[in-house]
Amino acid sequence: MKENISRRNALKLGASAMAAAAVAGLAGCAPKTAEDAASASELSNTAAANSTVGTRYTKADNSDEIGIVHEAASEEDFDVVVVGAGMAGVVCAMVAAEQAPDAKILLTEAQAICGGGTNYAEQPDMPAQGVDWVTAMQEADAEGATSHFVKDTRLIAERAYDIGRNSAWMFKKHAVPLTIKNMQRLQKTLTSFEAGEPITRWNGIAGYEGGNGSLTIQRLTGEIDTDPAYANVEIRVNTRGTALLLDGDDETKVVGVQLLDDGGDYININTKAVVLACGGMSNNLELLQNYSNQELTHCYSVEQNHFGDGFIMAEQTAHGRCKTIALSSMQGSVNGMHYQAWLNLAVGQTPTAVFVNQDGIRFADENLYRITDAPDLDNINRSKLVEGQGAVYSILGSNLLDYYKENKLPGMTMSFYGDGQDERPYDLDADLEEYEGLDTVFKADTLEELAEAMGVPADAFVETITTYDTDASNGEDSAFLKDPEYLVAVGDAPYYGFKLSSLIVNTNGGVRVDHDCRVVDQDYNPVEGLYAAGLTISGFVSDVYETGNCQCVSIWSGSKAARSLVEQCLGGTVADDWYGDSEWDNATDLPVFANQDEYDAFVAESASA
Ligand SMILES: Cc1cc2nc3c(=O)[nH]c(=O)nc-3n(C[C@H](O)[C@H](O)[C@H](O)COP(=O)(O)OP(=O)(O)OC[C@H]3O[C@@H](n4cnc5c(N)ncnc54)[C@H](O)[C@@H]3O)c2cc1C
């Protein structure tokens, strides 16, 4: 067990030793209490030393003092505390309540509403078919083999094995409606399965009615609020989990969690099990840079409240340092614009876009793809192009703008084409007007002025754009042989330069768990009383965005953590039919609809059931 440096030890060590140790990022330097933190920062005058306060293994800023236990204003008792009310947390709290009706469960959420990133997610990606264990392992091996990152095939197999039961829990027991289209796709999958055809992908199968996860979260939390079966669950919003309470100095045993309420008071919750379901860390790039070898300067995320709290809290325990965390990079994007704005998609995502870098020159065929192992995900590659340069500007002139007005996003095979995209008016002039004031958008009457505004060398930039326009009129890209179909001249003033970032949806990976979703130490021994679920966990990591695998992981791990802790911490027994009385796990009883009316009737009936 590692020893923490107490106030007394810190005083003994002295300022210079503390500072040096902190800069080195030594595990033992983590202050455990606010008092320790204060003494450490008082003693250490260097900025580097101060910046390590509260983060045990990183040098990132931790001004919110996550992972540090403060003096508590009050104390409460619960049997289970789930930290974070996104898909993983909500599913976890509900399954725990169903399987342990006498347990007192707290679901605590930092934001004012539940749902987190799940509110924006479109597809749950859950085939309604569980598989036998051998098939699940074969699938997992195949999936693991395609990744450059370390995946935990046992976890992937567990998810595949449970997938039908989780689908049954979600779509039948809780009547979360699927779209008719996806019902039909599920049916097709089942038919293939019955025919003995291999199912090679677990993702991209299903979609909720209504288009995104927010309705699902509303439906599930609505049940918690109104159904007496969930009277044992309390949802507390505006309440952030900030630190785990260990059993004295024992880093292998968690006995509680400290919360910060919206009045600024810390509350100690004594509990038998804590579930970290706080999402990833893509909204905290400074912290993320400690875990990622990727250049993050050009990245930003559209996640909600993913500050990495769960990772820092897990690091309080014998789990130790989180390992590699991957980014789901999605698209080239202008920071400050809505990620679904048509103008943003045009300048960031289309192969007709013209990219120059910090030197004012083009550096790649903007139609370039297949630089990852996912050739169908060419949008990601524009993200990668952006991440690989000092700066990237997408250049727009009168001709290219007119072209976009006449041709809606040419050649963009995939994008962040989210819920409501088609309802957005395709009005590029309105978008330009709305976003002109951003510090990522530059406008000028000449190419020289635009170069100056963007801070790139004017000579090189003017030559690049002039050459590009000449090439476009000749139908041949002299620099990168871009497909002539996408070679459209920039044209005349007004000229625009859009500074691009790489848009990250979320991070994948972080806290190591075993197949029961227990947080484990370096030797894979479980930390007693500590579980993790959703985007907080590792094991499903890949090096590129994998279409919609995240919710599937969240639903599985939330449910699995609940089932595990009921037996391991509460002394209960999980019922064999925990997912309901459905046969979805092993039979094709999926309803088939001939038309929309039949489907609507089914949805109405399920909703009232
Ligand atoms: C725009 C967008 C589109 C997406 N589309 C898809 C898709 O189509 N398919 C798909 O599978 N996935 C998609 N995702 C990813 C999606 O976020 C995940 O699939 C999944 O829903 C994440 O669930 P989660 O419970 O792990 O995290 P979240 O749903 O983000 O929930 C985590 C919750 O924890 C809260 N929290 C954080 N820290 C604390 C703390 N210290 N104390 C208390 N609460 C805390 C957060 O506020 C948040 O509510 C998308 C994400 C975004 C942003």
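Only a predicted model underlies this, so the values are computations on that prediction, with no experimental measurement involved.

Here is what the cut-offs are and how they apply
- Residues numbered from 1 in each chain as written.
- Predicted model: local features only at pLDDT ≥ 70, side-chain atom pairs only at ≥ 80, totals over all residues.
- Heavy atoms only, no water.
- Helix = DSSP H or I, 4+ residues; strand = E, 2+ residues; numbered from the N terminus.
- Buried < 20%, exposed > 50% of the residue type's maximum accessible area, 1.4 Å probe, protein only.
- Areas by Shrake-Rupley, 256 points an atom, 1.4 Å probe, with all protein chains shown as cover.
- Near = heavy atom within 4 Å.
- Nonpolar A, V, L, I, M, F, W, Y, C, P; charged D, E, K, R; others polar.
- Phe/Tyr/Trp six-rings, centres within 6.5 Å; stacked < 30°, edge-to-face > 60°.
- Lys NZ or Arg CZ within 6 Å of the ring centre and 35° of its normal.
- Salt bridge = Lys/Arg side-chain N within 4 Å of Asp/Glu carboxyl O.
- Pairing = 2+ DSSP bridges.
- Contact = heavy atoms within 4.5 Å.
- Polar contact = N/O pair within 3.5 Å; in protein donor to acceptor, adjacent residues only side chain to side chain.
- Core = buried A, V, L, I, M, F, W, Y, C linked by side-chain atoms within 4.5 Å.
- pLDDT = per-residue confidence, 0-100.
- Expected span 1.5 Å × (residues − 1).
- Axes fitted to C-alpha atoms, helices over the stretch in contact; angles between N-to-C directions.
- Parallel < 35°, antiparallel > 145°, perpendicular 65-115°, else oblique.
- Patch = residues over 30% accessible without salt bridge, like charges linked within 9 Å, V, L, I, M, F, W, Y side chains within 5 Å.
- Lys, Arg positive; Asp, Glu negative; His and termini not counted.
- Charge placed at Lys NZ, Arg CZ, Asp CG, Glu CD.
- Left-handed = near helix turned anticlockwise from the far one by under 90°.
- Arc of directions from axis to C-beta.

### A closer look at the overall build of the chain
Regarding its fold elements, the chain presents 19 helices and 16 strands. Of all 609 residues assigned to the chain, the portion counted as buried reaches 59%. As displayed, the chain has an accessible area near 23500 Å², and 48% of this comes from carbon and sulfur atoms.

### What about the site of the ligand?
Lining the immediate environment of the ligand, one finds 40 residues, of which Glu109, Gly117, Thr118, His306 and Asp309 sit closest. Contact with the protein chains hides 99% of the accessible area of the ligand, taken as 980 Å² for the molecule alone. Breaking the shell around the ligand down by element, the ones donating at least two residues are helix H5 (87-99), strand S5 (240-247), strand S14 (495-508) and helix H18 (549-568). Per element, the largest residue contribution to the shell around the ligand is 3 residues, and it comes from H18. Grouping the amino acids of the shell around the ligand by side-chain chemistry returns 15 nonpolar, 19 polar and 6 charged.

### Comments concerning the packing of aromatic side chains
To describe a pair of aromatic rings, one takes the distance between the centres and the angle between the planes. Under the counting rule described, the total for this entry stands at 5 aromatic pairs. Aromatic pair Trp578 and Tyr579: ring centres 5.5 Å apart, planes at 90°, arrangement edge-to-face. The residues Trp578 and Tyr579 share a single accessibility class, namely buried. Its guanidinium or amino end placed over the ring of Trp578, Arg563 lies 3.9 Å from that ring's centre, counting from NZ or CZ.

### Remarks on the pattern of salt bridges
For the structure shown, the criterion picks out 14 salt bridges. The shortest N-O distance in the salt bridge between Glu76 and Arg236 comes to 2.8 Å. Of this pair, Glu76 sits in strand S1 (residues 74-77) while Arg236 sits in strand S4 (residues 233-236); the two residues are 160 residues apart in sequence, bridging distant segments of the chain. Of the charged contacts in the structure, one is a salt bridge between Arg518 and Asp516, with a shortest N-O distance of 3.7 Å. It is possible to trace a salt-bridge network through shared partners that takes in Arg362, Glu366, Asp477 and Lys482.

### Some words on the pairing of strand S7 (residues 266-270)
Burial analysis of S7 places 4 of its 5 residues in the buried class, which makes it a mostly covered element. When strand S6 (residues 250-260) meets S7, the two strands line up antiparallel, connected through 5 bridges. Residue pairing in the sheet places Val257 in a bridge with Ile269 of S7. Hairpin connection between S6 and S7: a loop of 5 residues separates the two successive antiparallel strands, and Gly264 in this loop has a positive phi of roughly 85°.

### A word on the environment of Tyr291
Tracing the sequence through the fold places Tyr291 in the loop between helix H10 (285-288) and strand S9 (299-301). Beyond its immediate chain neighbours, meaning those up to four positions away, Tyr291 contacts Thr58, Met281, Glu315, Arg321, Cys322, Lys323, Thr324 and Ile325. Looking at Tyr291, its side chain comes within polar contact range of the side chain of Glu315, at 2.6 Å.

### Examining the nonpolar core
Core analysis: the largest hydrophobic core is formed by 84 residues, its most contacted members being Trp169, Met170 and Leu244. Tallying contributions element by element places H5 first for this core, with 10 residues. Contact partners of Met170, with chain neighbours within four places excluded, come to Met87, Val91, Ala175, Val176, Thr216, Leu220 and Ile555.

### Things to note about the confidence of the model for the chain
It should be kept in mind that the predicted coordinates are not to be read in detail where pLDDT is low. Confidence in the prediction for the chain averages 80 pLDDT; 72% of positions are at 70 or higher. Contacts for the low-pLDDT stretch residues 1-53, under 50 throughout, to residues beyond four places or in other chains number 79 contacts. With pLDDT under 50 throughout, residues 200-207 is counted as low confidence; its partners more than four residues away or in other chains account for 38 contacts.

### Points about helix H9 (residues 213-226)
Between its terminal C-alpha atoms H9 stretches 20 Å, which fits the 20 Å expected from 14 residues at 1.5 Å a residue. Taken together, the buried positions of H9 are occupied by Gly213, Ser214, Thr216, Ile217, Leu220, Thr221, Glu223 and Ile224. Buried residues in H9 make contact with H5, strand S3 (105-108), helix H7 (153-173) and S4.

### Remarks on the packing of H5 against H7
In helix packing, the relevant descriptors are the interaxial angle and the interaxial distance, both defined with respect to the helix axes. Here H5 crosses H7 at 85°, and the two axes come no closer than 13 Å. Here H5 lies roughly perpendicular to H7, going by the angle between them. Contacts between H5 and H7 pair Met87, Val91, Met94, Val95 and Glu98 from the former with Trp169, Met170 and Lys173 from the latter. Of the residues contributing to the contact of H5 with H7, the split by class is 6 nonpolar, no polar and 2 charged.

### What about unusual backbone geometry?
Cis rather than trans, the peptide bond between Ala493 and Pro494 has omega equal to 0°. Here Pro494 shows up in the loop between helix H17 (458-474) and S14. In this structure, Asn305 is a non-glycine residue whose phi angle is positive, near 65°. Within the secondary structure, Asn305 sits in the loop between S9 and helix H11 (309-314).

### Section: the environment of Arg321
Within the element layout of this structure, Arg321 appears in the loop between H11 and strand S10 (326-334). With residues near it in sequence (within four places) discarded, Arg321 still touches Tyr57, Asn290, Tyr291, Glu315, Arg512 and Gln522. At a separation of 2.6 Å, a polar atom in the side chain of Arg321 contacts the main-chain carbonyl oxygen of Asn290.

### Here's the deal with a negative patch on the surface
Among the surface-exposed residues, Asp445, Glu448, Glu449, Glu452, Asp459 and Glu463 lie close enough to one another that they form a single negatively charged patch. Put simply, the parts of the chain that give the negative patch at least two residues each are helix H16 (447-454) and H17. If you tally residues by element for the negative patch, the top one is H16, at 3 residues. Locating Glu463 in the fold gives a position in helix H17. What makes Glu463 exposed here is its relative accessible area of 56%.

### Remarks on the side chain of Ser292
Looking at where Ser292 falls in the secondary structure, it is placed in the loop between H10 and S9. The class of Ser292 is buried, set by a relative accessible area of 7%.

### Re the packing of H5 against H9
Closest axis-to-axis distance for the H5/H9 pair is 11 Å, and the angle between their directions is 30°. With respect to their mutual orientation, H5 and H9 come out roughly parallel. Like other packed secondary-structure pairs, H5 and H9 cross with a definite hand, here left-handed. Along its contact with H5, which presents Met87, Val90 and Met94, the element H9 presents Thr216, Ile217, Leu220, Thr221, Glu223 and Ile224. Among the residues forming the contact of H5 with H9, the class breakdown is 6 nonpolar, 2 polar and 1 charged.

### Quick notes on H16
Note that an α-helix has 3.6 residues per turn; residues three or four places apart therefore point the same way. Buried within H16 we find Leu447, Leu450, Ala451 and Met454. Angularly, the buried residues of H16 cover 100° about the axis, an arc narrow enough to put them on a single face. Turning to H16, the residues buried within the fold contact strand S12 (392-396), strand S13 (441-444), H17 and S14. Gly455 sits one or two residues past H16 and shows a positive phi near 80°.

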